[in-house]
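Here are the chains, one letter per residue:
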Amino acid sequence: MLIIGLTGSLGTGKSTVAAMFAQQGAKIIDADAITRELLAPRKKCVKKVAKIFPGVILNKDSINRSELAKIVFNHPRELQKLTDILYPEALKVVKKQISQYKNEPFVVLDVPLLFESGWDKITDISIVVKSKRPQQIERAQKRLGITRSDAIHRLKNQMPLKEKCNRADMIIDNSQGLKQTQSQVDAIINILRKRKAK
């Protein structure tokens, strides 16, 4: 089993690339889905989040996700507080899922904060999805329903894409269209298959 850490920045198209890996037979572990589940009503992380972000609680056991997003995506320190709560719990789930996929050739760990969380240490190879800044802003606006200024502000509060690219083992350029992106994914899968065969 080869564990691939897949990351990017807001609007680079990481989820699109993850879906392409899935089409090639890779098993996907979605960190966002795991953290969403950890914040579902009556889950234990809800109480911890409520203590630090009391204004985001709708009732005793439910979180207003849009309010929480406004806080954490505009203030890096607040985002760090949230990840300090969620990521240790999420890592337990991730490790369990990895063990279930131990007989699979490829597992893609889809994590927005791969380097920030230190989860790159549990991967065999890291891949960053990049695209041009105007594309990122436009995609973020469409996908999240946020304003242009909100998208720009969120991007400024993230680890710079250039830094992520510098830390990555491989880079996928998702700025030229899906066909070109798919060809890069196919090429990487072929390279990794050859490595495994040695």
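A brief report on the enclosed structure follows. (Residues numbered from 1 in each chain as written. Predicted model: local features only at pLDDT ≥ 70, side-chain atom pairs only at ≥ 80, totals over all residues. Heavy atoms only, no water.)

With that out of the way, let us pick up the packing of aromatic side chains. Evaluation of the coordinates by the stated rule reveals one aromatic pair. Relative to Trp-119, the ring of Tyr-87 lies with its centre 4.8 Å away and its plane at 45°, an arrangement referred to as tilted. One end of the pair, Tyr-87, is in helix H5 (residues 76-100); the other, Trp-119, is in the loop between helix H6 (114-117) and strand S6 (125-130), with 32 residues separating them in the sequence. Of the two residues examined, Tyr-87 and Trp-119, each falls in the buried class. (Phe/Tyr/Trp six-rings, centres within 6.5 Å; stacked < 30°, edge-to-face > 60°. Helix = DSSP H or I, 4+ residues; strand = E, 2+ residues; numbered from the N terminus. Buried < 20%, exposed > 50% of the residue type's maximum accessible area, 1.4 Å probe, protein only.)

Take Asp-61: it is sitting in the loop between strand S3 (57-59) and strand S4 (62-63). Here the alpha-carbon distance between Asp-61 and Arg-42, two residues 19 residues apart in the chain, equals 5.1 Å. Setting aside residues up to four positions removed in sequence, Asp-61 forms contacts with Pro-41, Arg-42 and Val-46. (Contact = heavy atoms within 4.5 Å.)

Glancing now at the environment of Thr-147. Turning to its location among the elements, Thr-147 is positioned in the loop between helix H7 (133-144) and helix H8 (148-156). Separated by 123 residues in the primary sequence, Thr-147 and Gln-24 place their C-alpha atoms 35 Å from one another. Reaching out from Thr-147, the side chain makes a polar contact with the side chain of Ser-149 at a distance of 3.2 Å. (Polar contact = N/O pair within 3.5 Å; in protein donor to acceptor, adjacent residues only side chain to side chain.)

What follows deals with the packing of H7 against H8. Contact geometry for H7 and H8: axes closest at 9 Å, N-to-C directions at 120°. For the crossing formed where H7 meets H8, the hand is right-handed. Every residue of H8 that contacts H7 at Arg-133, Gln-136, Ile-137, Ala-140, Gln-141 and Leu-144 is listed here: Arg-148, Ala-151, Ile-152, Arg-154 and Leu-155. (Axes fitted to C-alpha atoms, helices over the stretch in contact; angles between N-to-C directions. Left-handed = near helix turned anticlockwise from the far one by under 90°.)

All buried positions along helix H1 (residues 14-23) are accounted for by Lys-14, Val-17, Ala-18, Met-20 and Phe-21. End-on view of H1: buried residues confined to an arc of 155°, all on one side of the axis. Just downstream of H1 lies Gly-25, where phi reads positive at about 100°. (Arc of directions from axis to C-beta.)

The N-to-C vectors of helix H2 (residues 31-38) and H5 enclose an angle of 120°; their axes lie 10 Å apart at closest approach. Judged by the angle between their axes, H2 and H5 are oblique. The interaxial crossing formed by H2 with H5 has right-handed handedness. On H5, the residues touching Ile-34, Thr-35 and Leu-38 of H2 are Leu-86, Tyr-87, Glu-89, Ala-90, Val-93, Val-94 and Gln-97. Split by residue class, the contact of H2 with H5 holds seven nonpolar, two polar and one charged. (Parallel < 35°, antiparallel > 145°, perpendicular 65-115°, else oblique. Nonpolar A, V, L, I, M, F, W, Y, C, P; charged D, E, K, R; others polar.)

A few words on the side chain of Glu-89. Note on placement: Glu-89 falls in helix H5. With relative accessibility at 12%, the residue Glu-89 sits in the buried group. Apart from residues lying up to four places away in sequence, Glu-89 is in contact with Leu-38, Lys-44, Cys-45 and Lys-48.

As a further point, take unusual backbone geometry. Among all residues save glycine, negative phi is the norm, and among peptide bonds the norm is trans. Positive phi values are uncommon outside glycine, yet Arg-42 reaches one of about 70°. Summarising the element assignment, Arg-42 is placed in the loop between H2 and helix H3 (44-52). You can call Arg-42 exposed: its relative accessible area is 68%.

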